[in-house]
Amino acid sequence: MDSDKLSVEEMVEYYKPDVEELAVYIPWLETHKGGESSSVFTGEGVEKNSITFPVYDTTLMNFVKAAQASSLMNRNYVYVYSRNRIRTEADEHRFIRNATIKEMGDLWGILSKYILKGMTKAALWSEGVRNGVFLELLLKMKEILAYWDRQRSEA
């Protein structure tokens, strides 16, 4: 979507439903930030007879499914990273902190990287919880939308 062609009101209406749907996970993300949201399955004799695999927290999987179902997932998230010169985790956090309504699409691009790339490298889902990117993204998006909602109601 080309958000440059939308008014602020249209952007708020466009992003708000998906942000509100994912915002219900904020309390869970707050309590699990910095911790592990997966474990390795350890059944009887698994270590010597088969490959171990991670088992993810149910709430994390529900969050991932809700994000995947969003129409805002951006398969071209790589361009968001290159356009904004985001190369490290610190760059991601800096970008999120400084984002405005104009960067809402790019915030979804960062979320898309963790969700979509996590489908082949599932450790990214746990990393998004541990490093606080999921939480920071949702809080920033809510903050931006709340600000512009207030501006519209005061006008």
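Residues numbered from 1 in each chain as written. Predicted model: local features only at pLDDT ≥ 70, side-chain atom pairs only at ≥ 80, totals over all residues. Heavy atoms only, no water.

A few points about the pattern of salt bridges
When charged atoms on two side chains of opposite charge get close, those side chains can pair.
Then comes step 1: In the structure shown here, the tally under the stated rule is 5 salt bridges.
Then comes step 2: Linking D91 and R94 is a salt bridge whose minimum nitrogen-to-oxygen distance equals 3.8 Å. On the criterion of helical spacing, the pair formed by D91 and R94 is a turn pair, its members being 3 residues apart in helix 6 (residues 89-98). (Salt bridge = Lys/Arg side-chain N within 4 Å of Asp/Glu carboxyl O. Helix = DSSP H or I, 4+ residues; strand = E, 2+ residues; numbered from the N terminus.)

Overview of the packing of aromatic side chains
Then comes step 1: Applying the stated criterion across every chain, the model contains 5 aromatic pairs.
Then comes step 2: Ring centres 5.5 Å apart and planes at 75° place the aromatic pair Y25 and F63 in the edge-to-face group. Residue Y25 is found in the loop between helix 1 (8-23) and helix 2 (26-32), and its partner F63 is found in helix 4 (residues 58-69); the two are separated by 38 residues along the sequence.
Then comes step 3: Of the residues examined, Y25 reaches a relative accessible area of 15% and is grouped as buried.
Then comes step 4: Taken together, a centroid distance of 4.9 Å and an interplanar angle of 55° make the contact between F63 and F134 tilted. On the criterion of sequence distance, the pair formed by F63 in helix 4 and F134 in helix 9 (residues 133-154) is long-range, its members being 71 residues apart.
Then comes step 5: Taken together, the ring pairs in this structure connect Y25, F63, Y114 and F134 into an aromatic cluster. (Phe/Tyr/Trp six-rings, centres within 6.5 Å; stacked < 30°, edge-to-face > 60°. Buried < 20%, exposed > 50% of the residue type's maximum accessible area, 1.4 Å probe, protein only.)

Some details on the packing of helix 7 (residues 104-117) against helix 9
Then comes step 1: Contact geometry for helix 7 and helix 9: axes closest at 11 Å, N-to-C directions at 160°. Of the possible angle classes, the one that applies to helix 7 and helix 9 is roughly antiparallel. For the crossing formed where helix 7 meets helix 9, the hand is left-handed. Counted together, M104, L107, W108, I110, L111, Y114 and I115 of helix 7 and V133, F134, L137, K140, M141, I144 and L145 of helix 9 form the full contact between these two elements. (Axes fitted to C-alpha atoms, helices over the stretch in contact; angles between N-to-C directions. Parallel < 35°, antiparallel > 145°, perpendicular 65-115°, else oblique. Left-handed = near helix turned anticlockwise from the far one by under 90°. Contact = heavy atoms within 4.5 Å.)

A look at the nonpolar core
Then comes step 1: Among the nonpolar cores identified, the biggest contains 44 residues, and F63, M104 and W108 are the most heavily contacted of them.
Then comes step 2: Ignoring sequence-local partners within four residues, the contact set of M104 consists of Y15, V19, M141, I144 and L145. (Core = buried A, V, L, I, M, F, W, Y, C linked by side-chain atoms within 4.5 Å.)

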